[in-house]
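Descriptive structure summary
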Amino acid sequence: MLRQPALRKLRLPKACETIRAPVQRRTFLSRRPNQSSGRAVENLDLRRLSQSAHDDHRNRRLFLWSGTIAGIASFCYTAYKIKEELNKPANLDSGLPPTDPLVRPDAADRKVVLHDEEGREIVPTGNSTVPSFPRTIHLPSYASPTTTAGLSASTVDTEYTLVGLGLRTVTFIGIQVYVVGYYVATPDIAALQSALTKKVNPIATTLVPGERDELRTALLDPAGSEQAWGELLAKGIPARSAFRVVPVRDTDFHHLRDGFVRAIQARTQSLPRQAAQDEEFGEAMRQFRAVFNRGSVPKRKELILLRDENGKLSIAYDDGGSKKEGRPAGSRLIGVIDDERVSRALWLNYLAGSKVASEPARRSIVEGLMEFVERPVGTVASQVV
């Protein structure tokens, strides 16, 4: 066999030998080299990233808590300073004489009269659905039914002036039902002024502040108001007056009737037994119920309860008219009750007693009457006109 020659180890020239770089080795005490091999995950430190995220969340929480505490502290401080300012006695010099109505303690309870876009005087009600009531309205002198076609009214209108208004609420949560306003015929205000003034001071033509306070107390007292208004209505003072009822939510005539009937029954309990249960009064109540045997009453529609000099009750309703029937908008007479006891009971339901249909309305009416008696008799009607 041929023996292959042994392979000899060839040695390359020194110039051709590869220059080897020294290998760097790390120990646990050495630092990480600044050079990188270019791999994406070589410098990824999960522990450091987790610690950084934890620090960021902690700083954010501290910042939010600091803002919350600072906001609460500033709110409490502001409320405290406002309370201090409100408790300080205010000494505001208005420049008005002490007898001016606007500088008296009851100035805040007085009616605020504004003007609408057409220049008419209105009084705010404080309700968004029925925001205002007109300061004056014009109503005809309604007559009794004479034909089967319906009820008629005179063509001569009488101006009525708003005395006071308020909201009627029901149930313990105060559900708002309607806004009611008390109007007195402008020509009859002088007689009402005179009667109220002479009730406190028989020789006076106007009442001073102390006398007005005495009259106000009497008209807000349950027994005193029953006596005062009972005497006035029995004498036909004021001769002509009206309650304007405007619902703030959709309702119907039956709900209104039930409320009025309960009020009349409660007031007639104080009458003599024979007067409250005779046939004429029973017939009058049947007529009153029959007037309200109708349909719905949408919100913002007007119901007028009018009492004349004889105590006759006229009921008118404005349903906005009907294009199909060719009937224009405006109050239309729907019933007349001749018995004076029905209208008197309804009036006392709003004006007198320990429990009235609307306490805000009664207080507003009393303050309106105080505006009457603070002026000489006969000057309020001329001012309105």
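Conventions and cut-offs
- Residues numbered from 1 in each chain as written.
- Predicted model: local features only at pLDDT ≥ 70, side-chain atom pairs only at ≥ 80, totals over all residues.
- Heavy atoms only, no water.
- Helix = DSSP H or I, 4+ residues; strand = E, 2+ residues; numbered from the N terminus.
- Polar contact = N/O pair within 3.5 Å; in protein donor to acceptor, adjacent residues only side chain to side chain.
- Core = buried A, V, L, I, M, F, W, Y, C linked by side-chain atoms within 4.5 Å.
- Buried < 20%, exposed > 50% of the residue type's maximum accessible area, 1.4 Å probe, protein only.
- Contact = heavy atoms within 4.5 Å.
- Salt bridge = Lys/Arg side-chain N within 4 Å of Asp/Glu carboxyl O.
- pLDDT = per-residue confidence, 0-100.
- Phe/Tyr/Trp six-rings, centres within 6.5 Å; stacked < 30°, edge-to-face > 60°.
- Lys NZ or Arg CZ within 6 Å of the ring centre and 35° of its normal.
- Axes fitted to C-alpha atoms, helices over the stretch in contact; angles between N-to-C directions.
- Parallel < 35°, antiparallel > 145°, perpendicular 65-115°, else oblique.
- Left-handed = near helix turned anticlockwise from the far one by under 90°.
- Nonpolar A, V, L, I, M, F, W, Y, C, P; charged D, E, K, R; others polar.
- Patch = residues over 30% accessible without salt bridge, like charges linked within 9 Å, V, L, I, M, F, W, Y side chains within 5 Å.
- Areas by Shrake-Rupley, 256 points an atom, 1.4 Å probe, with all protein chains shown as cover.

Quick look at the side chain of R341 now. Structurally, the position occupied by R341 is in helix α8 (residues 340-351). A polar contact of 2.8 Å, which involves the side chain of R341, links it to the side chain of D339.

This part covers unusual backbone geometry. The omega torsion of the bond from I237 to P238 falls at -5°, within 30 degrees of zero and hence cis. As for its position among the elements, P238 is in the loop between α4 (222-234) and β7 (241-247). The phi dihedral of R300 falls on the positive side, at around 75°, and the residue is not glycine. One can find R300 in the loop between β9 (296-297) and β10 (302-307).

In this section: the nonpolar core. Residues F260, F288 and L369 are the most contacted members of the largest nonpolar core, which totals 56 residues. With near-sequence residues (within four places) excluded, L369 lies in contact with V163, L192, L196, L219 and W229. In this structure, L139, Y160, L162 and A316 belong to the second largest nonpolar core, which totals 21 residues.

Okay, the pattern of salt bridges next. Within this structure, the stated rule accounts for 17 salt bridges. Between R286 and E283 there is a salt bridge, with the nearest N and O atoms lying 2.9 Å from each other. Of the two residues, R286 and E283 both sit in helix α7 (residues 279-291), 3 residues apart, roughly one turn of that helix. Judged by relative accessible area, R286 falls into the exposed class, the value being 51%. Given the relative accessible area of 36%, E283 is considered partly exposed. In this structure, the salt-bridge partner of E359 is R363, at a minimum N-O distance of 3.4 Å.

This brings us to the confidence of the model for the chain. When pLDDT is averaged across the chain, the result is 80; 74% of the residues are at 70 or more. Per-element confidence in the chain is highest for β7, whose mean pLDDT is 95, and lowest for helix α6 (residues 273-277), whose mean pLDDT is 55. Within the model, the stretch residues 144-152 combines pLDDT values under 50 with 16 contacts to residues more than four positions away or in other chains.

This part covers the packing of aromatic side chains. A full pass over the atoms with the stated rule returns 9 aromatic pairs. Arranged with centres 6.4 Å apart and planes meeting at 90°, the rings of Y182 and W229 form a pair that is edge-to-face. Linking Y182 in strand β6 (residues 175-185) with W229 in helix α4, this pair joins segments that are 47 residues apart in sequence. Each member of the pair, Y182 together with W229, is buried. Among the aromatic residues, those joined into a cluster by ring pairs are Y182, W229, F243, W347 and Y350. If you follow R244 out to its NZ or CZ, it ends over the ring of F133, 4.5 Å from the centre.

Running from amino to carboxyl end, helix α2 (residues 189-200) crosses α4 at an angle of 140°, the nearest separation of the two axes being 12 Å. The angle between α2 and α4 places the two elements in the oblique class. The crossing of α2 and α4 is right-handed. On α4, the residues that touch L192, A195, L196 and K199 of α2 are A228, E231 and L232. Tallied by class, the residues present in the contact of α2 with α4 amount to 5 nonpolar, no polar and 2 charged.

The next thing to look at is the packing of helix α3 (residues 209-220) against helix α9 (residues 359-373). Where α3 contacts α9, the axes come no closer than 10 Å and their chain directions differ by 150°. Between α3 and α9, the angle falls in the class roughly antiparallel. For the crossing formed where α3 meets α9, the hand is right-handed. Facing R212, L215, R216, L219 and L220 of α3, the residues of α9 in contact are R362, R363, V366, E367, L369, M370 and V373. Counted by class, the contact of α3 with α9 contains 7 nonpolar, no polar and 5 charged residues.

Another aspect to go through is a nonpolar patch on the surface. A surface patch of nonpolar side chains, about 370 Å² in accessible area, is lined by F172, I173 and I175. Mapped onto the elements of the fold, I175 is located in strand β6.

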